[in-house]
Amino acid sequence: MGKPTRRDLLRGTGALGAAVVGGALGTPARALPRADRADRADRDDRADVVDVAVIGAGVSGAYAAWRLLGPEAEDSRILSRLRRRRRGPLDVRLFEGSERIGGRLFSVTPPGMPHLHAELGGMRYLDNQPVVADLVDHLGLRTDLFPVDEPQNLVYLRRHRFTQGQWGDPQVVPYDLPASIRGKSPDDALSSVIETFVPGASTMDHQAWDKIKPTASADGRYLYDTGFWNLLQEAVGQEGWAFLHDGFGYGSVVSNVNGIEAMEASVADFVGSPPPQYRYLLDGYQTVPEELVRQFEAEGGTVRLHHQVRRIDRDRADGEDVLVLDLIVWPEGRPLRVRAHHVVLAMPQRSIELLDPDSFLFTSDRFLSDLGAVVPRPASKLFLGYDRPWWEDIGLNAGRSVTDLPLRQTYYWGVEGEQAGADPANRNALLLASYNDLRDVEFWNELLTRPHRLAPVAVTRPPRPMDASASGALVDEAQRQLRELHGPDARIPEPTSAYFQDWVQDPYGAAYHFWQVGAKSWEVMPRMRHPLPDANLYVCGDAWSTGQGWVYGALSQAELVLEEHFGLPRPPWLSPGTYLGA
């Protein structure tokens, strides 16, 4: 066989997009009021060269579009030049292949629980993630603390059941651990191992990590060029690694990804000192991009849902270079061509790979290499609603229990009557029955009634609806595992509602990403923000960030694109000294 072409490497489909769940699932956390966009003729899109086209209405795209029409945009020389050319306000358009705003922020309100929201995508943020915390405060969105590990919550590993308060008892924990981590919780054990490679790691901030990444080493090997699993196994052996994998609840965290990046992520997200404080959005995380888009439209921005970008090319208009977007408008399947002075791709890795392989950006070997510098990781969630919080009968109220069953993590989400403004007599309750990743995702996918929903998107049909229905077989198996996890004293009723979401489905391709072994994030990130120096094309999102899997990563990269390549000053609600990364 000859050397594969770029078309061979990228072949699969040429589509981008997703769609919202239908009414059978309950309702979105908050409906997004908007004008009847279908009344606007497509000739408006063809009539002129758009100033900025933002592709993807997830949180990074919504944020970029919002900032481009915000008050700081008046101080941008680049945007001022575009306004002078237009002799009027900026024309900024946000294109989204699906029928919903939010991307991997997907909040569904179950029937009978108007104050609870099943977060099928992102569900929380850290109070030390400045862009997110400051933005949420600036938008006036309601938040509360998000509990995780409570001492009375359960651990069920190797068919042994104990509480999280018993991690320190070697007689209870069913692992033959080395002395260096014996008697420690998985969090404390992982932190101590990381400290052996990077002394002082537990108190390092983002900027301190960035300073050491190019040079940090162990036994003559750069940590960025060594797999984290390999490092952990050398430090604590296979049994110690199995303890961390099983007890931590996430297989991805201790998998063989970029060693130094995995260490920073573990410290920043889970095991740092002081321990991270998590918060959640009381009205659903999806309200963040929804509110950004609402304000964007109020400032004159245009949103085009059901507009699926398939290809990007170059052209000339009035003596200037422009970018050409070929789109499909669904459900009709009509082709549409839009020209733009600047294009922001607010898209994850898989969505970019689904573009037509003849798109001009794929002619760059450097871009293809950087595109592959991150590895996708699958994760899925199963929410179950009940007519009562049965877990309270056995002394469990909030936070999570952990198991090595395919459930992996179970969060006691909330009781409707205990929410602010709710009817106290309403005892309907919501459980995140399973939050799992990697190989456990495969277990649950085999129980879907329509496994084709995970198949690749086809160019010739509309984006597949985001079908979060859970089959009876899947729910029955989850109920069985919940009984095993919680023991004979738990009386678990039949669920009243069920929602399942696996983010490996196209066009997302993954729930989150990790840096590949050998990737130099400090070099790749700025290149990805502006991958082709001679084209006004930019990429933002959490995939190529040091906040992978978090809204923080998406927003920090979007903000850097705006500051570096559009000349926007930092907004006043965000501290000028806030470090956003390389």
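Anyway, here's the lowdown on the structure attached to this text.

Now for the pattern of salt bridges. Counted according to the given criterion, the structure contains 32 salt bridges. Two residues, Arg-142 and Asp-283, come together in a salt bridge whose shortest N-O distance is 2.9 Å. Of this pair, Arg-142 sits in the loop between helix H5 (130–139) and strand E7 (143–145) while Asp-283 sits in the loop between strand E12 (278–281) and helix H10 (287–298), and the two are 141 residues apart along the sequence. Since its relative accessible area comes to 39%, Arg-142 is described here as partly exposed. Salt bridges linked by common partners bring Asp-210, Lys-213, Glu-261 and Glu-264 together as one network.

Read across the open sheet, the seven strands follow the order E9-E8-E19-E20-E21-E18-E22; overall the sheet is mixed. In this open sheet, the two edge strands, each paired with only one partner strand, are strand E9 (160–163) and strand E22 (497–502). In this sheet, neighbouring strand axes are inclined to one another by 15° on average, regardless of whether the strands run parallel or antiparallel. Two strands pair when backbone bridges link them, and strand E20 (residues 409–415) and strand E21 (residues 429–437) are joined in this way by four bridges, in the antiparallel orientation. Its bridge partner being in E21, Tyr-412 is matched across the sheet by Leu-431.

The end-to-end C-alpha separation of helix H8 (residues 228–248) is 15 Å, well short of the 30 Å expected for 21 residues at 1.5 Å each. The largest bend in H8 is about 115°, located at Gly-237. Immediately downstream of H8, the backbone of Gly-249 shows phi near 95°, a positive value.

This brings us to the sheet that holds strand E6 (residues 125–126). Taken together, three strands build an open sheet; the order of strands is E6-E12-E7 and the sheet is antiparallel. Of all the strands in the sheet, the pair left with one neighbour each is E6 and E7. Sheet analysis places E7 next to E12, joined by three bridges and oriented antiparallel. Among the inter-strand pairings, Thr-143 is bridged to a residue of E12, identified as Leu-281.

It is worth spelling out the packing of helix H6 (residues 186–197) against helix H9 (residues 259–271) at this point. Orientation of H6 relative to H9, taken along the N-to-C sense of each, is 145°, at an axis distance of 11 Å. Seen from above, H6 lies across H9 with left-handed handedness. Across the interface between the two elements, Asp-187, Leu-190, Ser-191, Ile-194 and Phe-197 from H6 touch Met-263, Ser-266, Val-267, Phe-270 and Val-271 from H9. Grouping the amino acids of the contact of H6 with H9 by side-chain chemistry returns seven nonpolar, two polar and one charged.

The subject of this paragraph is the packing of H8 against H9. For the pair H8 and H9, interaxial distance at closest approach is 14 Å and the crossing angle is 35°. In terms of crossing hand, the pair formed by H8 and H9 is left-handed. Side by side, H8 and H9 meet where Phe-228, Leu-231 and Phe-248 of the first sit next to Gly-259, Ala-262, Met-263, Ser-266, Phe-270 and Val-271 of the second. The class makeup of the residues in the contact of H8 with H9 is seven nonpolar, two polar and no charged.

For the coordinates displayed, the defined rule picks out 27 aromatic pairs. Aromatic pair Phe-162 and Trp-167: ring centres 5.3 Å apart, planes at 85°, arrangement edge-to-face. The exposure class of Trp-167 is buried, given its relative accessible area of 9%. The rings of Phe-146, Tyr-280, Phe-383, Tyr-411 and Trp-413 are connected pair by pair, giving a single aromatic cluster. Note that Arg-124 overlies the ring of Tyr-278, its terminal NZ or CZ placed 4.5 Å from the centroid. Between Lys-381 and the ring centre of Tyr-435, over which it is positioned, the NZ or CZ distance is 4.9 Å.

Here Tyr-512 is to be found in strand E23 (residues 512–515). Given the relative accessible area of 11%, Tyr-512 is considered buried. In the structure, Tyr-512 is positioned 38 residues away from Trp-550 in sequence and 8.2 Å away in space, judged by C-alpha atoms. At a separation of 3.3 Å, a polar atom in the side chain of Tyr-512 contacts the side chain of Asp-437.

Compared with an ideal rise of 1.5 Å per residue, which puts 15 residues at 21 Å, helix H14 (residues 472–486) spans 21 Å between its outermost C-alpha atoms and is within 8% of the ideal. Among the residues of H14, Leu-474, Val-475, Glu-477, Ala-478, Gln-479, Gln-481, Leu-482, Leu-485 and His-486 are the ones counted as buried. Remark: Gly-487 follows H14 within two positions and exhibits a positive phi of approximately 90°.

We now examine unusual backbone geometry. Look at the link from Trp-330 to Pro-331: it is a cis peptide, with omega at 10°. With respect to the helices and strands, the residue Pro-331 is situated in the loop between strand E15 (320–329) and strand E16 (334–345). In this chain, Asp-506 is followed by Pro-507 through a cis amide linkage whose omega measures 10°. In this structure, Arg-87 is a non-glycine residue whose phi angle is positive, near 60°.

The subject of this paragraph is the nonpolar core. Counting residues in hydrophobic clusters, the biggest one holds 119 residues, and the most contacted among them are Met-263, Val-288 and Phe-566. Looking at this core, the element that brings in the most residues is H8, giving nine residues. If sequence neighbours within four positions are ignored, Val-288 has contacts with Val-59, Leu-135, Val-136, Leu-139, Leu-141 and Leu-281. In this structure, Leu-336, Met-347, Leu-371 and Ala-543 belong to the second largest nonpolar core, which totals 36 residues.

The rules behind the values
- Residues numbered from 1 in each chain as written.
- Predicted model: local features only at pLDDT ≥ 70, side-chain atom pairs only at ≥ 80, totals over all residues.
- Heavy atoms only, no water.
- Salt bridge = Lys/Arg side-chain N within 4 Å of Asp/Glu carboxyl O.
- Helix = DSSP H or I, 4+ residues; strand = E, 2+ residues; numbered from the N terminus.
- Buried < 20%, exposed > 50% of the residue type's maximum accessible area, 1.4 Å probe, protein only.
- Pairing = 2+ DSSP bridges.
- Axes fitted to C-alpha atoms, helices over the stretch in contact; angles between N-to-C directions.
- Expected span 1.5 Å × (residues − 1).
- Bend = angle between axes of the 7 residues up to and from the residue.
- Left-handed = near helix turned anticlockwise from the far one by under 90°.
- Contact = heavy atoms within 4.5 Å.
- Nonpolar A, V, L, I, M, F, W, Y, C, P; charged D, E, K, R; others polar.
- Phe/Tyr/Trp six-rings, centres within 6.5 Å; stacked < 30°, edge-to-face > 60°.
- Lys NZ or Arg CZ within 6 Å of the ring centre and 35° of its normal.
- Polar contact = N/O pair within 3.5 Å; in protein donor to acceptor, adjacent residues only side chain to side chain.
- Core = buried A, V, L, I, M, F, W, Y, C linked by side-chain atoms within 4.5 Å.

Purely spatial values, then, with no claim about function.
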